[in-house]
Amino acid sequence: MHGGNHWGGSLEIVNNDLDRLHDEDWVDDHQKGGAQAQRYHHLDETQQSWLLGNTKELKKKKYVDLGCIVISHKALKWIFFTILIAFLVIALPIIIVKAVPKHKSPPPPPDNYTLALHKALLFFNAQKSGKLPKNNGIPWRGNSGLTDGNTSTDVNHGVGLVGGYYDAGDNTKFHFPMSFAMTMLSWSLIEYSHKYEAIGEYNHMRDLIKWGTDYLLLTFNSSATKIDKIYAQVGGSQNGSSVPDDHYCWQRPEDMNYFRPVQSITAGPDLAGEMAAALAAASIVFRDNNAYSKRLIKGAKAVFDFAREAGRRRPYCRGNPFIEPYYNSTGYYDEYMWGAAWLYYATGNVSYITLATNPGLPKNSKAFYMIPGLSAPSWDNKLPAAMLLLTRLRIFLNPGYPYEDMLRMYHNTTTLNMCSYLKQIHVFNWTRGGMIQLNRGGPQPLQYVANAAFLASLYVDYLNATGVPGFNCGPTFIKSDELRSFATSQIDYILGKNPMKMSYVVGFGNKFPRHVHHRGASIPHDGKKYSCTDGWKWRDNPKANPNNITGAMVGGPDRFDKFNDVRGNYNRTEPTLAGNAGLVAALASLTSSGGLGIDKNTIFSAVPPLYPQSPPPPAPWKP
């Protein structure tokens, strides 16, 4: 391009390369020379761009100006097609997946322990006495025992003794094993509340516990701070009796019309200690109900003070023919330890932990003697459970002096108890089918098995919660998984992995006891009322029970793994409240529903902050 008129005047634009405006005229004029030719000069590219503006370009541009960058048409096309391909390959499938309705895969089926736990809890519904709630869920059960404690000689502050649970296949309310059952249910719920919530049984468990603790609060003057009497039993029988009573008669509890005596005691640290444990443990369960929790704690303190009174320290059953042959207590120092531990957790009062770690308790209860029978937990022997409960304090809070020495001894003994449950340690005999014989081949073996399985599984959870992989049994290191395997093997045995191929929990599996020693389950729910002796025909009937008492764990097989499903064989076919509480606790500890592990902190909710204290300084040196 060339620009003309560098000296002023009008400016004309000439494009020799493209426009050749009037070519011939330009040649003529140029040839004329002179001033005419001087009029045409050339503009550089920049000047031309200023003046041309939007003048039509004859040659198509090869580049696109995007403002911040200039890019060729070819590169722009490649970028466009790359983005389009990426969209089709990556983004479009994602959009389609997001848009298509999701079909969630079904959750995994519950394990056998969860299925059995649902059923085991129903046993307690079947054992309820009193006016039943509409949602009790046992169609062949109704209101019963509505006059308990209301006779002229047994009036209990005008409220009677209505409610609670029947102990087994008879219609007796034994308060000693009933209290133990409530303690075990509460302990299980405190440790594994998340599991009960996951399987939808949390509120059911609370209802079962409250049904028991409401009744226990009736068995003494729970509004007083000091008491002098406890009602220990409702109903029952004397051995060899031929008068209508809970053993002589075979009647549904709804039909019983015979006299039901009430046993009261003015001494009994064993019963009172267990009742204190039950009420204190339940107060932790119901910590969200402040009024009820305080009422339970007040009652627990009152009965424990009763247990500790110097003039009342003799077994609750001594000399009582209605109690001693059935639930004879062999001591009460284990209940002191057990009750004091639970009261400490419920209240945080250091006087209770001071008592629980008093050297006199393990000494008088022979806790450290390593007597094999004392490592078998039961309604009569709380030592292994109490020491494990106190070991929990050492493991998680480590209170230090002045409790450390005794807590360390409890911890060591707890470890030895766990060792005794292992087959390779050779403390207890085992049946060929794989059941540990904690009661030396005696009747009702499964309740001991279930309780031990719970303690073992719980101890493993304590170890796992602190990252401890196992423990020592003498020179042998035992991994936690080995102890858990003991617990699972015993519960699996109960649920059907045994030589009889039979589940000992009614309603679980395809083969289970059909002739359970249980009055209500064995008599048809046909609207007819059968008298005391009319019921004998159902007792002696060889046919299966018309009503399955779902969830009941029967007494269990003999030491040869044999089980005769005969209604009259109560040592094998009768379920008990205490035994079934241990089963519930063991099942909850083993189920994987709701996740593994325990609730580490809830049990300590009332315990004040603890810091290891320094021991007292040594006495001044004297030469």
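What counts, and at which threshold
- Residues numbered from 1 in each chain as written.
- Predicted model: local features only at pLDDT ≥ 70, side-chain atom pairs only at ≥ 80, totals over all residues.
- Heavy atoms only, no water.
- Helix = DSSP H or I, 4+ residues; strand = E, 2+ residues; numbered from the N terminus.
- Buried < 20%, exposed > 50% of the residue type's maximum accessible area, 1.4 Å probe, protein only.
- Contact = heavy atoms within 4.5 Å.
- Areas by Shrake-Rupley, 256 points an atom, 1.4 Å probe, with all protein chains shown as cover.
- Polar contact = N/O pair within 3.5 Å; in protein donor to acceptor, adjacent residues only side chain to side chain.
- pLDDT = per-residue confidence, 0-100.
- Pairing = 2+ DSSP bridges.
- Expected span 1.5 Å × (residues − 1).
- Patch = residues over 30% accessible without salt bridge, like charges linked within 9 Å, V, L, I, M, F, W, Y side chains within 5 Å.
- Salt bridge = Lys/Arg side-chain N within 4 Å of Asp/Glu carboxyl O.

In the annotation of an unreviewed UniProt entry, the entry for the protein reads Endoglucanase, and the organism field reads Melia azedarach.

Peer 1: What's the story with the overall build of the protein in this structure? I'm lost.
Peer 2: What the protein contains, in helices and strands, is 21 helices and nine strands. Within the protein, the fraction of its 623 residues that count as buried is 52%. Counted over contacts in the protein with a minimum sequence separation of 6, partners at least 24 positions apart contribute 74%. Carbon and sulfur atoms provide 56% of the accessible area of the protein, an area that totals close to 29700 Å².

Peer 1: When you look at the environment of His118 in this model, what are you seeing that I'm missing?
Peer 2: Mapped onto the elements, His118 comes out in helix 5 (residues 112-126). Judged by relative accessible area, which is 26%, His118 ranks as partly exposed. In this view, His118 contacts Ile199 and Glu201; residues no more than four positions away in its chain are not counted. A polar contact of 2.8 Å, which involves the side chain of His118, links it to the side chain of Glu201.

Peer 1: Looking at this structure, how should I read the confidence of the model for the protein?
Peer 2: Detailed conclusions should not be drawn from predicted coordinates in areas where pLDDT is low. Per-residue confidence for the protein averages 88 on the pLDDT scale, and 83% of its residues sit at or above 70. Segment residues 1-41 is flagged for pLDDT under 50; beyond a separation of four residues in sequence, or across chains, it makes 41 contacts in the model.

Peer 1: What is the right way to read the side chain of Asp148 from this model?
Peer 2: Tracing the chain through its elements places Asp148 in the loop between helix 5 and strand 5 (173-174). Under the relative-accessibility criterion, Asp148 is labelled buried at 3%. At 2.8 Å, the side chain of Asp148 and the side chain of Arg260 are in polar contact.

Peer 1: Even after reading the chapter, I still don't get the pairing of strand 9 (residues 476-479), so can you show me in this structure?
Peer 2: Here strand 8 (residues 470-473) runs beside strand 9; their pairing, made up of four bridges, is antiparallel. The partner of Phe471 across the bridge, within strand 9, is Ile478. Two successive antiparallel strands, strand 8 and strand 9, enclose a turn made up of two residues, where Gly474 displays a positive phi of approximately 65 degrees.

Peer 1: I would appreciate a short explanation of helix 21 (residues 577-590) in the present structure.
Peer 2: One turn of an α-helix holds 3.6 residues; hence residues three or four places apart share an orientation. The end-to-end C-alpha distance of helix 21 is 20 Å, a good match for the 20 Å that 14 residues give at a rise of 1.5 Å each. For helix 21, the buried fraction is high: 14 of the 14 residues fall into the buried class.

Peer 1: Would you take a moment to explain the environment of Glu482 for this structure?
Peer 2: Residue position: Glu482 is located in helix 17 (residues 480-494). Along the chain, Glu482 and Gly470 lie twelve residues apart, while their C-alpha atoms are 8.8 Å from each other. Not counting the four nearest positions on each side in its chain, Glu482 is found in contact with Leu422, Gln424 and Phe477. Within polar-contact distance, the side chain of Glu482 engages the side chain of Gln424 at 3.2 Å.

Peer 1: What is the right way to read a nonpolar patch on the surface from this model?
Peer 2: A cluster of nonpolar residues, Phe80, Phe81, Leu84 and Ile85, forms a patch on the protein surface that exposes about 410 Å² of accessible area. Relative to the helices and strands, Leu84 resides in helix 4 (residues 73-99). The class of Leu84 is partly exposed, set by a relative accessible area of 37%.

Peer 1: I keep staring at the side chain of Thr413 and nothing clicks. Help me out?
Peer 2: Among the structural elements, Thr413 can be located in helix 15 (residues 404-420). With near-sequence residues (within four places) excluded, Thr413 lies in contact with Ala367, Phe368, Met370 and Met387.

Peer 1: I would appreciate a short explanation of the environment of Ala586 in the present structure.
Peer 2: Structurally, Ala586 is set in helix 21. Between the C-alpha atom of Ala586 and that of Leu455, which follows or precedes it by 131 residues, the distance is 7.9 Å. Apart from residues lying up to four places away in sequence, Ala586 is in contact with Ala450, Ala453, Phe454 and Ile491.

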